[in-house]
Amino acid sequence: MSKEFFQIEISKYPSENDLELNDRQLLAQAHEAALRAYAPYSHFKVGAAVLLDNGIIITGNNQENAAYPSGLCAERVALFYANAQFPDCTPVAIAITAIGETRPVTEPITPCGSCRQVMAEYEKKGGKNLKVIMQGQEGVVMVADSMKVLLPFSFANDLLLKYITN
Ligand code: THU
C-alpha cells in the first residue's frame, strides 16, 4: 500500500475590492442575478455569472420547484444556457454568490457536486482553465484557477469513451 498526498491551491481575498476589475465585475453580475433567483422554498438565492471566451457574460440563478428535485442550481442554469446559446464558446470564468433571505451569507459559496461535475466537463470540452470565483453576499472571496482544483479525479468523458466504444 502507498499513500499519495495532493495539494490544492485556493486564493483568498479579503473582499471583492481586492480582486482584479474583470473578476469584480463578474461577481457583481452574479450578485445581480442572485437578486432575481426563484427560491421560495430555501430562501437561499444563488447567482452565477459565466464569462465566455468571446467576452459574453451569461448569468443564471437557482430555480426551485414545489417538486424539490425538479429545481436547478444557479451554476447549471447559467452554464446550460451558455452552452445552449454559444456551443462553440468556452467558459473561462464563473462567479458564484448567494443572498440569504433568513440571514446574510458571509462566507464563500462553493458549488455542489453536481455543478462541479458539469463545470469540469465544460472546462475539458473547451480546453481552457475555468476560473471559479466564490463569495457570499459579502466578505472573503475564494478563487480557484481551474475546476481541477475543486474536482480532482473527476469522472470524465475520455474514460467513458474508452470503455463504451468498440
Ligand atoms: N444552490 C445553488 O444554486 N448552487 C449551489 O452551488 C448550492 C445550492 C441552490 C439550490 C437550492 O435552490 C438552494 O441553493 C438551497 O440548496
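Residues numbered from 1 in each chain as written. Predicted model: local features only at pLDDT ≥ 70, side-chain atom pairs only at ≥ 80, totals over all residues. Heavy atoms only, no water.

A.B. asks: What am I meant to see in the side chain of T97 here?
C.D. replies: Looking at where T97 falls in the secondary structure, it is placed in strand 4 (residues 91–100). Residue T97 is classed as buried on the basis of its relative accessible area of 1%. A distance of 3.4 Å separates a polar side-chain atom of T97 from the backbone oxygen of Q135. Leaving out residues up to four positions away in the same chain, T97 has contacts with L27, A30, H31, A34, K45, V46, G47, I109, Q135, G136 and Q137. (Helix = DSSP H or I, 4+ residues; strand = E, 2+ residues; numbered from the N terminus. Buried < 20%, exposed > 50% of the residue type's maximum accessible area, 1.4 Å probe, protein only. Polar contact = N/O pair within 3.5 Å; in protein donor to acceptor, adjacent residues only side chain to side chain. Contact = heavy atoms within 4.5 Å.)

A.B. asks: Help me understand the nonpolar core, please; the structure alone is not making it clear to me.
C.D. replies: One recurring pattern in soluble globular proteins is that nonpolar side chains are buried together. Among the nonpolar cores identified, the biggest contains 29 residues, and L79, I94, I96, M119, V132, M134 and M147 are the most heavily contacted of them. Listing elements by their share of this core, those giving two or more residues are strand 2 (44–52), helix 2 (74–85), strand 4, helix 3 (113–126), strand 5 (131–135), strand 6 (141–144) and helix 4 (147–150). Once residues lying within four places of it in the same chain are set aside, the contact partners of M119 are E75, L79, I94, P111, L130 and M147. Counting ten residues, the second-largest nonpolar core is a separate cluster that includes L19, L27, A49 and V143. (Core = buried A, V, L, I, M, F, W, Y, C linked by side-chain atoms within 4.5 Å.)

Distances and angles like these do not, on their own, reveal function.
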